[in-house]
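For reference, the chains in residue letters:
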Amino acid sequence: MAVLGVLVARAVAAPVDPYGSNGAAWMEHLQRLNAAWELPEALPPGGEFMHHWLARLDGGFPPMLHLLAVPLTWLTRGSLLGVLPLTLGLLLVLAGAVGRIAYAITDRPPVGAGAFAGVMLVPGLHGSAIRYYYDLPMTALLWAALAVLVSRWDQEPVRAGLVGAGLALAASFTKWTTLPFLLCLVAGAALTPRRLPGALAGLRNPGARGKALLVWGLAWLIPVGLYVLIRGQKNSLGFSARESGVVNYGHHETGGFFASVVGGIGARLGELPFLLEKLGDYGLGLTVAVFSPLLLAPTLVLLGIAAARRAPGGWLVASAVFGHIGFLVLLVDPVDERFLITLAPALVLGAAVGWGTLSPGRRRLSGVVIATLGLLVAADLHHGVPLGPNSWARSLPLWGTPGADPMPPPIRPRGISAASSSAHRGWARRDAALDPRQPMRDALQDWLRGCAPTKVAALDAIDLIAPYGDHDWITWSNRRWCMRDEDCVPLQTTPVNWRLAGNVTPPPGVRAVFFLDDPSFSCEGADLAPDTLVLSIERFDGRAQRAPPCPTGEPWHLVALVPDPEGGPGVGAWARAGTEPCSRGVPPSPVR
């Protein structure tokens, strides 16, 4: 409860949590609104549900996360905080699943409770719980599927296989990295004896376990295969494989998928220095970002105790560790701590089992100490300042071209506390969070609402207001408003990069992105409708302003300026001469 209180206070204090470098904070919430908006149209009758609706939702990631969020989205009218109960609930599901597995393999309730508490204290896990993103939901559903199998497959093999397959499907349709992760975990669990209580103690039923695995495998893999076939060449599994960097087959060469995977892994095995450096980087990320040095130390000590005393669960922990290492080193290009949060519960499980082998007095003392340290790290990560010195740098260099920008950016350790993940892709410390420039967003949102245009384009949309996701934010903001107002007309939005010719100086307020050899002005958005409103960054300092170039040579006029309440550059709204896309309720512009 203490961890949940810390997380709710963090989210309420800073409901906008932009992260990464591509505006994912808005991108995922926009996908969520789209799912809620389109779901009623996709319900039966009609056989187009599986194909056309999934085609709209299944992009880089399958749509299960957004489907889980649909009820909360409608109830809260699409707010950012509206899905917080879902993400916090999934954190509880994950902790409960690991606790149930710990109890099943030891038959000791205190060990199960210790595993539950340990999962709740891992910074990378509770840091992800206030983000609407795929990794924590996938991890929670994956471990829940494993918990059902481990706890019931000796007594109710068919039911355990079916329920476990259902949860595994939900995890797979949340993120495709479920496939390699779950196979490793199930293999380790299958080798792990279960401690059955009471009169059943010592009972082993390999036949029942094999039946459960067969039912689970068929009930999981057949729907996954059908899903991929229905989606065809554009399914998100193929997209994820191509993004991994080892699958290089073209969009129309699906037959070469497995050959490409095998070839990619073989090529990686020949790059030993690269692999060792990558493994070191992941190890550092696990230390300073996922667990924190303060919490990883006792975790490793307890893991060592479990190994030395041959405590139960060794096969499960070992399969998780070595399976994850193989996946991260051989199949994933960027160093990204998000992938490590699926491994973290396995380490906590092993540590909880080792903790359970201590004497009662040592268990109580160490439990209090670890819980205190975990709550201290949680409070610091979400509300405090760095614990300890923050001057030591990443010990291992990043690979890549010397002098090039590192990708991803280096981890910035936070003393003995937890750091943000690389590029804030998974979670971020409160004192390292990016500034969302919410006052400027609120001002522009209010103006667009009063303006009520039907088409909007944004110059350099990736950093119109701040360097993350403005184009997706404009669309999300309008779509959310339309959930409240039946008369709202959904905006048609598009990013536009103006291209300036030769050595022509860009007009004030317009950022040139490309330079072409063509001696005339040209515009990437040449097919924009005549009544499109174009937004651009404007610095009004009393000098005459010139409108952006346009492909037809038509003059532009400034419809209005939305000044920045914090004194930064405002947003100018430009329209072609003779059009008034904001004729209804336009506030007077301070500059004409």
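All figures in this text were calculated on a predicted structure; none of them were measured in a lab. (Residues numbered from 1 in each chain as written. Predicted model: local features only at pLDDT ≥ 70, side-chain atom pairs only at ≥ 80, totals over all residues. Heavy atoms only, no water.)

Asker: Is there a simple way to explain the environment of Glu277 in this structure?
Answerer: Considering the arrangement of structural elements, one finds Glu277 in helix α14 (residues 272-291). Residue classification places Glu277 among the partly exposed positions, given a relative accessible area of 21%. Spatially, the C-alpha atom of Glu277 lies 9.6 Å from that of Val329, the residues being 52 residues apart in sequence. (Helix = DSSP H or I, 4+ residues; strand = E, 2+ residues; numbered from the N terminus. Buried < 20%, exposed > 50% of the residue type's maximum accessible area, 1.4 Å probe, protein only.)

Asker: Would you mind going over the pairing of strand β8 (residues 570-576) with me for this structure?
Answerer: Successive side chains on a regular strand alternate, one facing one side of the sheet and the next facing the other. For β8, a buried count of seven out of seven residues is recorded, marking the element as mostly surrounded by other parts of the structure. When strand β6 (residues 533-538) meets β8, the two strands line up antiparallel, connected through five bridges. For Ser536, the partnering residue across the bridge sits in β8 and is Gly572. (Pairing = 2+ DSSP bridges.)

Asker: How do you make sense of the nonpolar core when you look at a structure like this?
Answerer: Buried together is how nonpolar side chains tend to be arranged in soluble globular proteins. The biggest cluster of nonpolar side chains holds 97 residues, and the ones touching the most others in it are Leu125, Trp143, Leu146 and Phe291. It is helix α5 (residues 84-106) that provides the largest number of residues to this core, a total of 13 residues. Not counting chain neighbours up to four residues away, the residues in contact with Phe291 comprise Val122, Pro123, Leu286, Leu296, Thr299, Ala344, Leu347 and Val348. In terms of nonpolar packing, the next biggest core, distinct from the first, is built from 29 residues, Trp26, Leu30, Leu33 and Leu533 among them. (Core = buried A, V, L, I, M, F, W, Y, C linked by side-chain atoms within 4.5 Å. Contact = heavy atoms within 4.5 Å.)

Asker: What's the story with the pattern of salt bridges in this structure? I'm lost.
Answerer: When their charged atoms lie close together, side chains carrying opposite charge are able to pair. In total, this model carries ten salt bridges according to the counting rule given. Measuring nitrogen to oxygen at the nearest pair gives 3.9 Å for the salt bridge that ties Asp135 to Arg338. Of this pair, Asp135 sits in helix α8 (residues 135-152) while Arg338 sits in the loop between α16 (314-331) and α17 (344-356), placing them 203 residues apart in sequence. When its relative accessible area of 11% is taken as the criterion, Arg338 is described as buried. It is possible to trace a salt-bridge network through shared partners that takes in Asp135, Lys175, Asp336 and Arg338. (Salt bridge = Lys/Arg side-chain N within 4 Å of Asp/Glu carboxyl O.)

Asker: Would you explain the environment of Gln438 in this entry?
Answerer: Note on placement: Gln438 falls in helix α19 (residues 438-451). Along the backbone, Gln438 and Ile465 are 27 residues apart, and their C-alpha atoms lie at a distance of 9.2 Å.

Asker: Looking at this structure, I do not really get the packing of aromatic side chains. What am I missing?
Answerer: Aromatic ring pairs: the centre-centre distance and the angle between the two ring planes describe each pair. Following the criterion strictly, the structure yields eight aromatic pairs and no others. Taking 4.1 Å as the distance between ring centres and 10° as the angle between the ring planes, the aromatic pair formed by Phe61 and Tyr134 counts as stacked. Taken as a pair, Phe61 in the loop between α3 (49-57) and α4 (64-75) and Tyr134 in the loop between α7 (123-128) and α8 lie far apart in primary sequence, 73 residues in all. Tyr134 gets classed as buried once you look at its relative accessible area, which sits at 2%. Both rings, one in Phe181 and one in Phe327, keep their centres 5.0 Å apart while their planes meet at 70°; by these two values the pair is edge-to-face. With a gap of 146 residues between them, Phe181 in helix α10 (residues 178-190) and Phe327 in helix α16 connect regions that are remote in the sequence. Connected via pairs of aromatic rings, a cluster forms that spans Phe61, Tyr133 and Tyr134. For Arg32, the ring lying beneath its charged end belongs to Tyr132, and the centroid distance is 5.4 Å. Over the ring of Trp473 we find Arg441, and its NZ or CZ is 5.3 Å from the ring centre. (Phe/Tyr/Trp six-rings, centres within 6.5 Å; stacked < 30°, edge-to-face > 60°. Lys NZ or Arg CZ within 6 Å of the ring centre and 35° of its normal.)

Asker: I would appreciate a short explanation of the confidence of the model for the protein chain in the present structure.
Answerer: Any region with low pLDDT has predicted coordinates that should not be read closely. Summary statistics for the protein chain give a mean pLDDT of 76 and a share of 70% for residues scoring 70 or more. Per-residue pLDDT stays below 50 along residues 198-203; that stretch engages in four contacts with residues further than four places along the chain or on separate chains. In this model, residues 246-257 is a region of pLDDT below 50 whose contacts with residues beyond four sequence positions or in other chains number 21 contacts. (pLDDT = per-residue confidence, 0-100.)

Asker: Explain helix α15 (residues 293-308) here, please?
Answerer: Every α-helix carries 3.6 residues per turn, so stepping three or four residues along brings you back to the same face. When the terminal C-alpha atoms of α15 are compared, their 23 Å separation across 16 residues agrees well with the 22 Å that a helix rising 1.5 Å per residue should span. Listed in full, the buried residues belonging to α15 are Leu294, Leu295, Leu296, Thr299, Leu302, Leu303 and Ala306. A positive phi of about 50° marks Arg310, the residue just after α15. (Expected span 1.5 Å × (residues − 1).)

Asker: What is the right way to read unusual backbone geometry from this model?
Answerer: Excluding glycine, most residues fall at negative phi; most peptide bonds, likewise, are trans. With phi around 55°, Arg77 is a residue other than glycine that occupies positive phi space. Along the chain, the position of Arg77 falls in the loop between α4 and α5. Positive phi, close to 50°, is recorded for Arg310, a residue that is not glycine. Inspection of the secondary structure assignment puts Arg310 in the loop between α15 and α16.

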